[in-house]
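Chain by chain, the residues run as shown.
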Amino acid sequence: MTEAAIQATIGAMKAAAQAEGTNAGAAAGGAPIPGAHAAVFLDIDGTLIHFADRPDAVHIDAALCELLERIRESTGGALALISGRSIDDIDALFSPARFAAAGQHGSERRSADGTMHFHAPLAPRLAAHASTLRRLAQAHEGLLLEEKGTSLALHYRNAPHAAQLAEREVRRVVELLGDDFELQAGKFVLEVKPSGKDKGTAIAEFMAEPPFAGRSPVFVGDDLTDELGFDLVNRIGGETVKVGTGPTRARWRLGNADDVRRWLADFAARAPAPDARRQST
Ligand SMILES: [Mg+2]
């Protein structure tokens, strides 16, 4: 699919999803276990792992990596991580495993075959404005600025008193940057990211290429930013799973990262063990 065709598809899907409106009542208490025909898209923070005080304070254990690798194998490679983190950061977290991934809310993407895709080279323009937010973070204890390349994230989880000030300053930076950038609000975080790319566009781009194309997508996420992914996956007939409480357009709901872990374990348990499969072929 050409870039223009992908964009046209995404535009139509988003318009249809907006017309459909919000479903605040996702089914509680579980989500269906996908089959081997699934294409699996997973958010990381708040979904695969619990939030930590700082984004660099989280840890991915080997058992989780093994589960993901087993599911990836059982779905013909159709598993991708969809995150606000940079892909470099994702790789460091999951090392030595490397997964197909969309980083910085779709601003960068690595296909299943390893090909990298980058959004327009906007990093230098963003860097020129980073100093404003860096000074703000230095002046208020608990504020944390993450400089990810083509996006910036100002975390206020540990500085709730500075939330309003942080939002005002981030909005000002986004205005100064113009139409190429937009504000993306998440849980205790305000991000400045390139316009036109989000978790929905990232999933659509994966679904247009092997080994995802033709499969039935399932997307699991916990945050506002994941709603764009839910919209897209709902429109193309897949399954959407919200982690935690709050209104959502997802169809299903799991309580927290521990429930997601059990759900992944059930998924992996239904898949044939890699050794058994190799012996049978
Ligand atoms: Mg998340």
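Okay, so let's go over this structure.

Among the nonpolar cores identified, the biggest contains 44 residues, and V40, F41, A80, I82, I203 and V241 are the most heavily contacted of them. With residues near it in sequence (within four places) discarded, I82 still touches F41, L42, D43, A102, K199, A202, I203 and G229. L154, V170, V174 and V192 belong to the second largest nonpolar core, which has 16 residues in total.

Buried residues dominate strand β10 (residues 216-221), accounting for five of its six residues. In this structure, strand β1 (residues 38-42) lies alongside β10, joined through five bridges in parallel fashion. Considered in β10, the bridge of A39 is made with P217. In this structure, β10 lies alongside strand β11 (residues 239-243), joined through four bridges in parallel fashion.

Let's shift gears to the sheet that holds strand β5 (residues 116-118). An order of β5-β4-β3-β2-β1-β10-β11-β12 is seen for the eight strands of this open sheet, with the pairing classed as mixed. Each edge of the open sheet is held by one strand with a lone partner, namely β5 and β12 (252-254). Pairwise comparison of adjacent strand axes, ignoring direction, gives a mean angle of 15 degrees for this sheet. Running over the sheet, helix α7 (residues 227-235) touches β1, β2 (79-82), β10 and β11 and is turned about 160 degrees from β10. Each of β10, β11 and β12 is contacted by helix α8 (residues 257-270), which is oriented at about 110 degrees to β12, the strand it contacts most.

Turning our eyes to something else, we now look at the packing of helix α2 (residues 62-74) against α8. Angle between the axes and distance between the axes are the two parameters that describe a pair of packed helices. Contact pair α2 / α8: the axes reach a minimum separation of 9 Å and the direction vectors enclose 40 degrees. Taken together, the axes of α2 and α8 lie oblique to each other. At the point where α2 passes α8, the crossing takes the left-handed sense. Residues L64, L67, R70 and I71 of α2 touch α8, and the partners they reach there are R261, L264, A265, F267 and A268.

On to the packing of helix α6 (residues 199-207) against α7, then. Across the interface, α6 lies against α7 with an axial gap of 6 Å and an inter-helix angle of 40 degrees. Taken together, the axis directions place α6 and α7 in an arrangement best described as oblique. Contacts between α6 and α7 involve K199, G200, I203 and A204 from the first element and L228, G229, D231, L232 and V233 from the second. Each residue belonging to the contact of α6 with α7 can be placed in one class, and the counts come to five nonpolar, two polar and two charged.

It is worth spelling out helix α3 (residues 87-94) at this point. What α3 keeps buried is the set I87, D89, I90 and L93. On an axial view of α3, the arc spanned by its buried residues comes to 155 degrees, and they lie on one face. Projecting away from the buried face of α3 at angles above 90 degrees are the exposed residues D88 and A92. For α3, the elements touching its buried residues are β2, β3 (100-103) and β4 (108-110).

Below, the discussion takes up the sheet that holds strand β9 (residues 189-194). Sheet strands associate in pairs through backbone hydrogen bonding, adopting either a parallel or an antiparallel arrangement. Overall, antiparallel pairing links the four strands, which are arranged β6-β7-β9-β8 in an open sheet. Both outer strands of the open sheet, β6 (144-147) and β8 (181-186), are each paired with one neighbouring strand and no more. Averaged over all pairs of adjacent strands, the angle between strand axes in this sheet comes to 15 degrees, irrespective of strand direction. In terms of strand pairing, strand β7 (residues 152-155) meets β9 through four bridges, oriented antiparallel. Directly across from H155, in β9, lies its bridge partner V189. Where helix α5 (residues 163-177) meets the sheet, it contacts β7, β8 and β9, and its direction lies at approximately 5 degrees from that of β9.

At the junction of S95 and P96, the peptide bond is cis and its omega measures out at 5 degrees in the coordinates. A cis geometry characterises the amide bond from P210 onward to P211, with omega recorded as -5 degrees. Its place among the elements puts P211 in the loop between α6 and β10. The phi angle at Q104 is positive, at roughly 50 degrees, despite the residue not being glycine. In this structure, Q104 sits in the loop between β3 and β4.

We now examine α7. Counting buried positions along α7 yields eight of nine residues, so the element is predominantly enclosed. Those residues of α7 lying buried are E227, L228, G229, F230, D231, L232, V233 and N234. At the exit of α7 stands G237, carrying a positive phi of roughly 80 degrees.

Conventions used here
Each chain carries its own residue numbering, running from 1 in the written order of its sequence. Whole-chain, interface and lining totals are the exception, using all residues; otherwise, since this is a predicted model, local features are given only for residues with pLDDT of at least 70 and side-chain atom pairs are given and counted only at 80 or more. Among buried residues, those of type Ala, Val, Leu, Ile, Met, Phe, Trp, Tyr and Cys that are joined through C-beta atoms within 7 Å form a set called a nonpolar core. Burial is judged by counting the other C-beta atoms within 10 Å of a residue's own C-beta: 20 or more makes it buried, 12 or fewer makes it exposed, and any count in between marks it as partly exposed, with every C-beta position built from the backbone. It is the C-beta atoms, placed from the backbone, that decide contacts: two residues are in contact if theirs lie within 7 Å. Numbering of helices and strands runs from the N terminus; a helix is a DSSP stretch of H or I covering at least four residues, while a strand is a stretch of E covering at least two. One bridge is not enough; two strands pair if DSSP finds at least two bridges between them. Convention adopted: a line fitted to C-alpha atoms gives each axis, helices being fitted over their contacting stretch, and angles between N-to-C directions are expressed from 0 to 180 degrees. An angle counts as roughly parallel when it lies under 35 degrees, as roughly antiparallel when it exceeds 145, as roughly perpendicular when it falls between 65 and 115, and as oblique in every other case. Crossings are sorted by hand: turned counterclockwise from the far helix by less than a right angle, the near helix makes the crossing left-handed, and turned clockwise it makes it right-handed. For this scheme, ten residues count as nonpolar: Ala, Val, Leu, Ile, Met, Phe, Trp, Tyr, Cys and Pro. Four count as charged, namely Asp, Glu, Lys and Arg, and the remainder, Gly too, count as polar. In this context, the arc is that of the directions from the helix axis out to the C-beta atoms.

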